[in-house]
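Listed below are the residues making up each chain.
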Amino acid sequence: MARENKSKYAIMGILTWGSMSGYDIKKEIEQSVNYFWHESYGQIYPILKRLVAEGLATKSVEEQAGKPDRYVYTLTERGKEELRQWLTQPADNPVERIEILLKLIFGRHVSVADNIQHVKQFQEFQQQLLQEYRSIEQKLQHQYCNEPDYPYCMATLRYGFHTSQALLNWCDETLAMLHKIAESTQN
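Residues numbered from 1 in each chain as written. Predicted model: local features only at pLDDT ≥ 70, side-chain atom pairs only at ≥ 80, totals over all residues. Heavy atoms only, no water.

An unreviewed UniProt entry lists the chain under the name PadR family transcriptional regulator, with Gloeocapsopsis dulcis AAB1 = 1H9 as the source organism.

Put into structure tokens, the structure is as follows:
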């Protein structure tokens, strides 16, 4: 069975926030779902074309003085209904590609110091993510707390927060284990 392209639904969901151009959609993705879902312009525009062809979105042209025309997409009622149908279906289990784990599983082929460095870099990245999540949380609490999407945005944000916190705990545990390996090889 062929895997369904969920990018269609990500773009449809973004369009529930209002009519947007492909550029606007990309900007919204970068400012909202980018921590757990990525889309490139090379994915967005073909999907928008397909949404229009399937009657799930409309396309209108906005003329701009001194600039090229701007194409704006709006989700149709049929598109909203298809999105609602998809939202009621169970989510697929994620299949992740995590490079740090790929490097560590084969870690005996390099020095322990190399493995420690990889984990420390990953740890720094997770610490930066936590800071970003805290900043986003403050922004949401101050600017969007009365919006209907607020609790759902907070739920996804808290997922990221808890995931990063758990990964930081894993880093501490893994670094302790690697340091013990380093000590035992020096004796």
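It is worth spelling out the overall build of the chain at this point. Along the backbone of the chain there are 7 helices and 2 strands. Along the chain direction, N to C, the helices and strands of the chain fall in the order α-α-α-β-β-α-α-α-α. For a compact globule of 187 residues, the expected C-alpha radius of gyration is about 16 Å, and the chain comes in at 22 Å, more than 25% above that figure. Principal axes of the C-alpha set define a box for the chain whose edges measure 75 × 45 × 40 Å. When burial is assessed residue by residue, the chain has 30% of its 187 residues classed as buried. Sequence separation of 24 or more characterises 56% of the internal contacts of the chain that already satisfy a separation of 6 or more. Carbon and sulfur atoms make up 53% of the accessible area of the chain, which amounts to about 13300 Å² in all. Averaged over its 21 positive side-chain charges, the chain has a centre that lies 3 Å from the centre of its 24 negative ones. (Helix = DSSP H or I, 4+ residues; strand = E, 2+ residues; numbered from the N terminus. Rg over C-alpha atoms; globule rule 2.2 N^0.38 Å. Buried < 20%, exposed > 50% of the residue type's maximum accessible area, 1.4 Å probe, protein only. Contact = heavy atoms within 4.5 Å. Areas by Shrake-Rupley, 256 points an atom, 1.4 Å probe, with all protein chains shown as cover. Lys, Arg positive; Asp, Glu negative; His and termini not counted. Charge placed at Lys NZ, Arg CZ, Asp CG, Glu CD.)

Where strand β1 (residues 57-64) lies against strand β2 (residues 67-75), 7 bridges are found, and the strand directions are antiparallel. When the bridges of β2 are listed, glutamate 62 appears paired with arginine 70. In textbook terms, the turn of a hairpin is the stretch between consecutive antiparallel strands, and for β1 and β2 this stretch comprises 2 residues, one of which, glycine 66, has a positive phi near 75°. (Pairing = 2+ DSSP bridges.)

What follows covers the packing of helix α1 (residues 7-15) against helix α2 (residues 22-31). Viewed as axis vectors pointing N to C, α1 and α2 meet at an angle of 95°, and their least axial separation amounts to 10 Å. Classified by the angle between their axes, α1 and α2 sit roughly perpendicular to one another. Along the contact surface, α1 presents Ile11, Ile14 and Leu15, while α2 presents Ile25, Glu28 and Ile29. When grouped by side-chain class, the residues that make up the contact of α1 with α2 number 5 nonpolar, no polar and 1 charged. (Axes fitted to C-alpha atoms, helices over the stretch in contact; angles between N-to-C directions. Parallel < 35°, antiparallel > 145°, perpendicular 65-115°, else oblique. Nonpolar A, V, L, I, M, F, W, Y, C, P; charged D, E, K, R; others polar.)

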